[in-house]
Structures are given as structure tokens and as C-alpha cells.
Amino acid sequence: MLEHPVIITRRRTSRITIRINKDGLVRVSAPRFMPIATIKAFVRSHQDWIEKNLEKARIRNGHQQEFYSGLDISTPATRKKAVEQLQQIVAPLIKRHAAEMGVAPS
């Protein structure tokens with residue numbers, strides 16, 4: 001298959017799906033009685049898509065690590081500053097998504 005590990009889960013479904021988790025884990029869901037050879041062939045046929053999306057996950061995770069490692073929370077003063085930085089990022093997101101969903105979070 002791939003050089004990257006793939007977790008295969010069998011479910012009551014009629015089709016095969018491939019997902020890549022935020023942490024870069026490749027998961028394949030397949031019908032319970034589908035032969036493993038068919039599942040492997042499906043994964044091989046989607047190898048380019050998997051590799052492209054694994055790279056996206058690596059980049060995204062690298063950016064997150066870089067951002068969070070840059071937040072100094074070693075003292076109460078720096079912790080307060082870090083919280084303020086995060087508030088500036090999160091508050092507009094909450095506002096936008098609350099409007100899209102028609103909710104008012106407390």
C-alpha cells in the first residue's frame with residue numbers, strides 16, 4: 001500500500017471512504033465483507049490524493065506547532081499576554097460561526 005500506515009475499519013456501509021485525521025492518520029472505512037485485496041487496490045488508486053492531503057496535514061500541524069510554541073506562558077504576565085493574543089484570534093471566529101449557525105454563545 002503506502003509507506004504511511006493505514007487503519008482499515010469495517011462497517012455496515014456500501015462504499016469505501018478514506019479520511020485523514022488532523023494528526024495525519026489515514027483511516028479507511030470499508031464494507032464488512034469486502035475483500036482486503038479490493039480495499040488495498042482502492043487505497044493504491046487514491047495514493048496521489050492521500051499523499052497530497054498528508055502533506056497538507058503536515059504543513060498545518062507545523063504551523064500550529066510553530067504558533068503554540070511561540071506563546072510564552074512561563075509567568076503570569078506572559079500567560080495573560082498569550083491569552084489576549086488568542087482572544088484576538090478566536091473572538092472573530094466565534095462571532096462569524098455563531099452568525100452562520102444562528103446561535104449566541106455565552
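Residues numbered from 1 in each chain as written. Predicted model: local features only at pLDDT ≥ 70, side-chain atom pairs only at ≥ 80, totals over all residues. Heavy atoms only, no water.

Just give me the short version of the overall build of the chain, but keep the residues and values in it.
When helices and strands are counted, the chain shows three helices and three strands. N-terminal to C-terminal, the α/β element order of the chain is β-β-β-α-α-α. Since a compact globule built from 106 residues should have a radius of gyration of about 13 Å, the 20 Å found for the chain marks it as more spread out than a globular shape. Overall size of the chain, expressed as C-alpha extent along the three principal axes, is 60 × 35 × 20 Å. (Helix = DSSP H or I, 4+ residues; strand = E, 2+ residues; numbered from the N terminus. Rg over C-alpha atoms; globule rule 2.2 N^0.38 Å.)

Now, about the confidence of the model for the chain: what can you tell me, with residues and values included?
Per-residue pLDDT for the chain has a mean of 91; in total, 98% of the residues score no lower than 70. The lowest-confidence element of the chain is helix H2 (residues 47-69), averaging 89 in pLDDT; the highest-confidence one is strand S3 (residues 26-31), averaging 96. (pLDDT = per-residue confidence, 0-100.)

Summarise the nonpolar core; cite the residues concerned and give the values.
Listed in full, the eleven residues of the largest apolar core are Val-6, Ile-16, Ile-18, Ile-20, Val-26, Val-28, Ala-30, Ile-39, Val-43, Ile-50 and Leu-54. Secondary-structure elements contributing two or more residues to this core are strand S2 (17-20), S3, helix H1 (36-45) and H2. Per-element accounting of this core gives the leading share, three residues, to S3. Setting aside chain neighbours within four positions, we find Ile-16 in contact with Val-28, Ser-29, Ala-30, Pro-31, Met-34, Ile-39 and Phe-42. (Core = buried A, V, L, I, M, F, W, Y, C linked by side-chain atoms within 4.5 Å. Buried < 20%, exposed > 50% of the residue type's maximum accessible area, 1.4 Å probe, protein only. Contact = heavy atoms within 4.5 Å.)

Which residues make up the side chain of Ser-29, and what are the values?
Mapped onto the fold, Ser-29 is located in strand S3. A polar contact is formed between the side chain of Ser-29 and the side chain of Arg-19, at a distance of 3.1 Å. Leave out the neighbours within four places in its chain, and Ser-29 touches Thr-9, Arg-11, Arg-15, Ile-16, Thr-17 and Arg-19. (Polar contact = N/O pair within 3.5 Å; in protein donor to acceptor, adjacent residues only side chain to side chain.)

Report on the packing of aromatic side chains, specifying residues and quantitative values.
Taken as a whole and judged by the stated rule, the model has one aromatic pair. Ring geometry for Phe-67 versus Tyr-68: centroids 5.2 Å apart, planes at 75 degrees, classification edge-to-face. On the accessibility criterion, Tyr-68 (51% relative accessible area) is exposed. (Phe/Tyr/Trp six-rings, centres within 6.5 Å; stacked < 30°, edge-to-face > 60°.)

Lay out a positive patch on the surface with the relevant residues and their values.
There is a patch of like positive charges on the surface, built from Lys-22, Lys-52, Lys-56 and Arg-60. Take Arg-60: it is sitting in helix H2. (Patch = residues over 30% accessible without salt bridge, like charges linked within 9 Å, V, L, I, M, F, W, Y side chains within 5 Å. Areas by Shrake-Rupley, 256 points an atom, 1.4 Å probe, with all protein chains shown as cover. Salt bridge = Lys/Arg side-chain N within 4 Å of Asp/Glu carboxyl O. Lys, Arg positive; Asp, Glu negative; His and termini not counted. Charge placed at Lys NZ, Arg CZ, Asp CG, Glu CD.)

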